[in-house]
Amino acid sequence: MIRREQTKKVKVKDFYIGGSNNVLIQTMTTTKTKNVEETVKQINTLATAGSSLVRLAILDVEDANAIKEIKQQVNVALVADIHFDYRLALICADNGIDKIRINPGNIGNKDKIKMVVEKCNDLDIPIRIGVNGGSLEKHIIEKYGVTAKGMLESAKYHVNLLEELDFTNIIISLKSSDIFKTVEAYRMASKEFNYPLHLGITEAGTMFGGTIKSSIGLGILLYEGIGDTIRVSLSTDPIEEIKVAKELLSSLNLYKKPKIISCPTCGRIQYNMFALVEKIEKYLETIEDDVTVAVMGCAVNGPGEAKASDIGIAGGKGEGLIFVEGKIKRKVKEDEMYDELIIEINEYIKRGKLN
Ligand code: SF4
């Protein structure tokens with residue numbers, strides 16, 4: 001059981017980030033934000049897939065203006081990703097954005113920072129300070145280099161600018177494409193600040209490599225109780241980011257979704273088990289309930305794993321034994337396995353809902 005760090009609770013839209021609230025999933029649209037139709041379509045797809053927050057790149061005034069129309073057509077919390085231009089932050093805030101990602105130190109003079117802070121205060125909009133190993137401030141690099149310590153110092157610098165103006169509605173991220181630096185930076189930040197932390201390994205890479213990299217980096221931190229929101233950054237469709245994020249959180253019991261236990265390649269498998277587990281996985285993707293299904297290939301570990309799961313099958317030659325909540329239910333033929341498992345999964349979920 002993971003003991004989460006109890007960070008400050010920060011309100012975003014109609015929910016909280018931090019404290020003992022669930023670790024939430026975030027991703028980013030790939031559309032031009034000013035293309036309202038495409039952006040709304042993607043946001044809604046991402047929200048349905050499980051993203052609690054969707055971040056949008058705000059590159060210019062047109063993007064910032066589009067927020068108003070977009071907001072009317074979506075329900076999920078929207079985050080404006082802004083670099084340098086304080087005016088874009090003000091427009092997004094007026095247009096109903098739920099959270100702003102901007103580094104106050106990059107906005108310019110104190111008056112500009114003050115204008116953004118006052119606006120966010122008035123409208124109760126939190127600010128995420130997003131430190132990135134690839135864009136540390138010159139004065140930080142000169143003193144610390146591009147190191148975890150440098151990333152922490154950069155976060156401190158930006159946090160101070162907001163705190164000086166009595167603004168504490170803050171969330172922090174310290175991303176690097178290097179796992180070691182990222183983990184170290186977040187560990188230090190977790191000791192230094194009580195603000196919620198948004199986790200990510202930035203520019204993690206492709207679907208395959210990036211998934212492994214993010215799982216290691218974010219997995220270490222989440223296991224240590226660090227992190228209140230996560231983004232898995234992959235060079236692919238953001239839907240895949242959500243899938244990976246959900247699986248990652250689910251593996252650490254931080255997200256409720258169906259789990260599968262199944263045999264690896266093994267010379268003892270007695271039937272076409274891989275085809276069955278693939279079909280079962282596809283089916284489980286359509287439900288959100290907390291059910292563990294074991295699809296096992298033979299009698300060595302099969303009955304044990306099937307028994308320990310909510311629903312399981314231990315396969316033999318051309319047939320298998322179905323287990324339900326630890327007890328043998330019945331023997332089924334190989335061509336009946338899928339249908340029979342689905343019946344048991346659905347009944348198990350129904351029982352859970354009735355209780
Ligand atoms: S349960 Fe049987 S088929 Fe599955 S991994 Fe163990 S020995 Fe192999």
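Details of the structure are given in the entry above.
Residues numbered from 1 in each chain as written. Predicted model: local features only at pLDDT ≥ 70, side-chain atom pairs only at ≥ 80, totals over all residues.

A. Summary view of the overall build of the protein. When its secondary structure is counted, the protein shows twelve helices and 15 strands. Each principal axis of the C-alpha atoms in the protein carries an extent, and together these give about 75 × 45 × 35 Å. Expressed as a percentage of its 355 residues, the buried residues of the protein come to 43%. Counting contacts in the protein only where the partners sit at least 6 residues apart, residues at least 24 apart contribute 61% of the total. (Helix = DSSP H or I, 4+ residues; strand = E, 2+ residues; numbered from the N terminus. Buried ≥ 20, exposed ≤ 12 C-beta atoms within 10 Å, placed from the backbone. Contact = placed C-beta atoms within 7 Å.)

B. Representation of the environment of A77. Within the secondary structure layout, A77 lies in strand β5 (residues 77–81). Sequence-wise, A77 and N22 are 55 residues apart; in three dimensions their C-alpha atoms are separated by 15 Å. Those residues in contact with A77, other than ones at most four positions away along the chain, are V12, K13, S52, L53, D98 and K99.

C. Highlighting the environment of M337. Note on placement: M337 falls in helix α12 (residues 337–354). With 23 C-beta atoms counted inside 10 Å, the residue M337 sits in the buried group. Taking C-alpha positions, M337 is 55 Å from E62, a pair spaced 275 residues apart along the chain. Discounting chain neighbours no more than four positions away, the residues touching M337 are L276, I313, G320 and V332.

D. Up close: helix α10 (residues 273–284). Counted at 1.5 Å a residue, the expected span for α10 with its twelve residues is 16 Å, and the 16 Å between its end C-alpha atoms agrees. Of all the residues in α10, the buried ones are M273, L276, V277 and I280. Down the axis of α10, the sector holding all buried residues measures 95°, keeping them to one side. In α10, the exposed positions that point more than 90 degrees away from the buried face belong to A275 and K282. The inward-facing, buried residues of α10 abut β11 (259–262), β12 (292–296), β13 (311–316) and α12. (Expected span 1.5 Å × (residues − 1). Arc of directions from axis to C-beta.)

E. The arrangement of the packing of helix α1 (residues 36–49) against helix α2 (residues 61–72) in detail. Where α1 contacts α2, the axes come no closer than 10 Å and their chain directions differ by 50°. It follows from the interaxial angle that α1 and α2 lie oblique. Crossing geometry of α1 relative to α2 is assigned as right-handed. Counting all contacts with α1, which are made through V36, T39 and V40, the residues of α2 involved are A66, E69 and I70. (Axes fitted to C-alpha atoms, helices over the stretch in contact; angles between N-to-C directions. Parallel < 35°, antiparallel > 145°, perpendicular 65-115°, else oblique. Left-handed = near helix turned anticlockwise from the far one by under 90°.)

F. Quick peek at the pairing of strand β15 (residues 327–333). Sparse coverage of β15 is indicated by the burial of zero of its seven residues. Taking the residues that link successive antiparallel strands as the turn, the strand β14 (residues 319–324)-β15 hairpin has two residues, and the phi of E325 there is positive, at about 45°. (Pairing = 2+ DSSP bridges.)

G. Fine view of the sheet that holds β12. In space, the five strands of this open sheet follow the order β11-β12-β13-β14-β15, with mixed pairing throughout. The open sheet is flanked by β11 and β15, the only strands paired with a single partner. When strand polarity is set aside, the average angle formed by the axes of neighbouring strands in this sheet is 20°. Each of β11, β12 and β13 is contacted by α10, which is oriented at about 165° to β12, the strand it contacts most.

H. Structural view of the sheet that holds strand β9 (residues 198–201). Taken together, the eight strands give an open sheet; going across it, the order is β8-β7-β6-β5-β4-β3-β10-β9, and neighbouring strands pair in parallel fashion. The sheet is open, and its two edges are formed by β8 (170–175) and β9, each paired on a single side. Ignoring strand direction, the axes of neighbouring strands in this sheet form an average angle of 25°. Taken together, the three bridges between strand β3 (residues 24–28) and strand β4 (residues 53–57) define a ladder with parallel strand orientation. The residue of β4 that forms the bridge with Q26 is L53. The sheet contacts of helix α6 (residues 148–163) involve β7 (127–132) and β8, and relative to β7 the element is tilted by about 155°.

I. Highlighting the nonpolar core. By size, the foremost hydrophobic cluster in this structure holds 74 residues, and its most contacted members are C92 and I100. Dropping the residues within four chain positions of it, C92 is found in contact with I58, A64, I67, A80, I82, I97 and I100. Counting residues in each nonpolar core, the second largest holds 22 residues, with I280, V291, M337 and I345 among its members. (Core = buried A, V, L, I, M, F, W, Y, C linked by C-beta atoms within 7 Å.)

J. Summary view of α1. The first and last C-alpha atoms of α1 sit 20 Å apart over 14 residues, in line with the 20 Å expected at 1.5 Å per residue. Looking one or two places after α1, you find G50, whose phi comes out positive at around 125°.

K. Representation of the packing of helix α3 (residues 86–94) against helix α4 (residues 110–123) within the structure. Interhelical geometry of α3 versus α4 gives an angle of 15° and a closest axis separation of 9 Å. Comparing their axes, α4 and α3 come out roughly parallel. In terms of crossing hand, the pair formed by α3 and α4 is left-handed. Seen from α3, the contacting residues are Y86, A89, L90 and A93; seen from α4, they are K112, M115, V116, K119, C120 and L123. Taken together, the residues that form the contact of α3 with α4 break down as eight nonpolar, no polar and two charged. (Nonpolar A, V, L, I, M, F, W, Y, C, P; charged D, E, K, R; others polar.)

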